[in-house]
Amino acid sequence: MNEVRKQLYADMNPHNLTPLWEVLHALVPQKPNTPCVPAFWKYDEVRPFLMRAGEAITAEEAVRRVLILENPALRGQSAITQSLYAGLQLILPGEIAPSHRHTQSALRFIVEGSGAFTAVDGERTTMQPGDFIITPSWTWHDHGNDSDVPVVWLDGLDIPIIRFFDAGFAENDTRKSQTLSRPEGTSFARFGHNMAPVRHDSPYGATSPIFSYPYERSREALDQLETSAPIDPYDGVKLRYTNPLTGGWPMPTIGTFMQKLPAGFTGKPWRQTDGGIYSVVEGEGRVTVTRGDHEQTFAFGPRDHFVIPSWHTARLQSERGCVLFSYSDRPVQQALGIHHEERLS
């Protein structure tokens, strides 16, 4: 560095000024350069820690008894990608996770056990494995378990996005469990059959009026398309969940997907700017993730979880077939016009 520049930098530093040309290459890189790394959580290894957490703290004490799935490159940030959060929540028989609300939008994807419930703004839905459930922003919600088995689900939230905008608020309810005002299934009856009430307002703004998407219906659609439609060489059979009022994403900040890899599927490589978080619903397979010269392969089975970061090349394979649920920040990227995807040969 020449003396003129050196003196310039020293003189302007007390004025909180810095030269763009020294950092331009990092601010505007030639290609996406996420600090996140691929990661894999085998459920058989995670579950014992969940059960130990059940012995160490009650759901009421914890408010939410969750083990966060932290990206190895983002430890301490409570994030699985730079924009999204993931965690596994446990609720034991007879417990209630108390009612609260927050500006962060949340999804629940049921991993293990049946018979627990989530209540959202006065309506309850019973949880079954493979169900996708939404807690819209700023809605009262609590969880309970009326069954005789532990229930575990994947929590996905937009916590890092809300934190980036400094827009996080939360409020605890004065009630442990909210009063129910509608029978279970009311929301689905009103909006879940390709119909809607003649006169209505969207109850949750930009979020879907259906807050529970049963796995049974998702699985049925995948099975039918596997036998009646072309198999995509990259994704197998992949569908996105929708908001029935708009046809768009069910959540304004989080896109959700379900896909089936047929038996014998060997996918072609792809990469995209939205990093994806995956929960294995059924079956077994492998995912190979590559960035530069570094390649990792994860062999996955039911209830395992993995993350494919932004702009990492990925390939999916399954000898016997499998079903995968996933979520990403694609709605935000598409709204901003910055989403990119490449399908490689």
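What counts and what doesn't
- Along each chain, residues carry numbers from 1 onward, in the same order as the chain's sequence is written.
- Local features in this predicted model are restricted to residues whose pLDDT is 70 or higher, and side-chain atom pairs enter the listing and the counts only when it is 80 or higher, whereas totals over whole chains, interfaces and linings include all residues.
- No hydrogens and no water enter the side-chain calculation; it runs on all heavy atoms of the structure.
- UniProt positions are given in the numbering used here, feature names are shortened, and annotations may be inferred rather than shown by experiment.
- Helix and strand definitions follow DSSP, with helices as H or I runs of at least four residues and strands as E runs of at least two, each counted in order from the N terminus.
- Paired strands, as defined in this entry, are two strands with at least two bridges between them according to DSSP.
- Every axis corresponds to a line fitted to the C-alpha atoms, with the helix fit spanning only the stretch in contact, and the corresponding angles, defined between N-to-C directions, vary from 0 to 180 degrees.
- Contacts: residue pairs with any heavy atoms within 4.5 Å of one another.
- Each cavity reported here is a set of points on a 1 Å grid over the protein atoms alone in which a 1.4 Å probe fits but cannot get out, each pocket an open set with protein on both sides within 12 Å along at least five of seven lines, and each lining residue one with an atom within 4 Å of a point.
- Grid points are joined across faces, edges and corners, and a volume is the space filled by probe spheres set on the points.
- All amino acids are sorted into three groups, where Ala, Val, Leu, Ile, Met, Phe, Trp, Tyr, Cys and Pro are nonpolar, Asp, Glu, Lys and Arg are charged, and the leftover types, Gly among them, are polar.
- Using a 1.4 Å probe on the protein chains alone, a residue whose accessible area is under 20% of its type maximum counts as buried, one over 50% counts as exposed, and one in between counts as partly exposed.
- Every patch collects residues that have over 30% relative accessible area and no salt bridge, joining them within 9 Å if they carry like charges and within 5 Å if they are nonpolar side chains (Val, Leu, Ile, Met, Phe, Trp, Tyr).
- Only the protein chains shown count as cover for residues, and the accessible areas themselves come from Shrake-Rupley with a 1.4 Å probe.
- Salt-bridge detection follows one rule: a side-chain nitrogen of Lys or Arg within 4 Å of a carboxyl oxygen of Asp or Glu.
- By nonpolar core we mean a set of buried residues, namely Ala, Val, Leu, Ile, Met, Phe, Trp, Tyr and Cys, connected to one another through side-chain atoms within 4.5 Å.

Caption draft 1: Representation of the UniProt feature "domain: Cupin type-2" (unreviewed entry) in the protein. Summarizing the sequence annotation, UniProt attributes the feature "domain: Cupin type-2" (unreviewed entry) to residues 88-155 in the numbering used throughout. Taken end to end, residues 88-155 has its terminal C-alpha atoms 6 Å apart, with 0% of it in helix and 60% in strand.

Caption draft 2: Here's a closer look at the sheet that holds strand 4 (residues 96-102). The strand order across the open sheet built from five strands is 7-6-9-4-11, with neighbouring strands paired in antiparallel fashion. Across the chains shown, the open sheet's two edge strands, defined by having one partner strand only, are strand 7 (123-126) and strand 11 (170-172). Neighbouring strand axes in the sheet, compared pairwise and without regard to direction, differ in orientation by 25° on average. As judged from the three bridges shared by strand 4 and strand 11, these two strands associate in the antiparallel manner.

Caption draft 3: Inspection of the sheet that holds strand 22 (residues 322-328) at higher detail. Across the sheet, six strands lie side by side as 1-20-17-22-14-13; this open sheet has antiparallel pairing. Looking at the sheet topology across the chains shown, the edges are occupied by strand 1 (39-41) and strand 13 (237-240). The mean inter-strand angle of the sheet, taken between neighbouring strand axes irrespective of direction, is 20°. Summarising the sheet, strand 1 and strand 20 (residues 305-308) pair through three bridges and their orientation is antiparallel. Paired with F40 across the bridge in strand 20 is F306. Its contacts with the sheet place helix 7 (residues 215-228) against strand 13, strand 14 (255-261), strand 17 (276-283) and strand 22, and it is angled at close to 50° to strand 14.

Caption draft 4: Spotlight on the environment of P98. Examined against the element boundaries, P98 turns out to sit in strand 4. Taking C-alpha positions, P98 is 38 Å from Q272, a pair spaced 174 residues apart along the chain.

Caption draft 5: Just the layout of surface pockets, in detail. When its volume is computed, the largest pocket comes out at roughly 920 Å³. Lining the largest pocket are 31 residues, with Q82, S83, D329, Q333 and I338 positioned closest to its centre. Elements that contribute at least two residues to the lining of the largest pocket include exactly helix 2 (24-27), helix 5 (159-164) and helix 8 (330-336). With four residues, helix 5 is the single largest residue contributor to the lining of the largest pocket. Looking at the lining of the largest pocket residue by residue, the classes come out as 16 nonpolar, eleven polar and four charged. For the second largest pocket, the calculated volume is near 570 Å³. Lining of the second largest pocket is provided by 22 residues; of these, F188, G192, N194, Y213 and T242 occupy positions nearest its centre. Among the elements of the structure, helix 6 (186-191), helix 7 and strand 13 are those that each provide at least two residues to the lining of the second largest pocket. At four residues, the largest contribution of residues to the lining of the second largest pocket is made by helix 7.

Caption draft 6: Expanded view of the pairing of strand 10 (residues 151-157). Here strand 10 lies mainly inside the structure; seven of its seven residues are buried. A two-sided burial pattern is seen for strand 10, the buried positions comprising V151, W153, D155 and L157 on one face and V152, L154 and G156 on the other. Pairing between strand 3 (residues 85-91) and strand 10: seven bridges, direction antiparallel. Paired with I91 across the strands is V151, a residue of strand 10. Note: strand 5 (residues 106-112) against strand 10, six bridges, orientation antiparallel. Bridging across to strand 10, L107 finds its partner in G156.

Caption draft 7: Seen up close, empty space enclosed by the protein. Following the criterion strictly, the structure yields one cavity of 30 Å³ or more and no others. Of the volumes computed, that of the largest cavity is approximately 40 Å³. Every residue lining the largest cavity is listed: K238, F257, Q272, D274, G275, G276, Y278, S326, Y327, S328 and R330. Elements represented by at least two residues in the lining of the largest cavity include exactly strand 17 and strand 22. The biggest single contributor to the lining of the largest cavity is strand 22, with three residues. In the lining of the largest cavity, the residues fall into three nonpolar, five polar and three charged.

Caption draft 8: Summary view of a nonpolar patch on the surface. A contiguous nonpolar patch, built from L20, V23, L24, L27 and V28 and spanning about 450 Å² of accessible area, is present on the exposed surface. Here L24 shows up in helix 2.

Caption draft 9: Main features of the nonpolar core. By size, the foremost hydrophobic cluster in this structure holds 48 residues, and its most contacted members are L88, F132, M258, F325 and Y327. In terms of nonpolar packing, the next biggest core, distinct from the first, is built from 16 residues, F265, I308, A314 and L324 among them.

Caption draft 10: Structural detail: unusual backbone geometry. Its identity is not glycine, yet S78 carries a phi of approximately 55°, on the positive side. Along the chain, S78 turns up in the loop between strand 2 (66-68) and strand 3.

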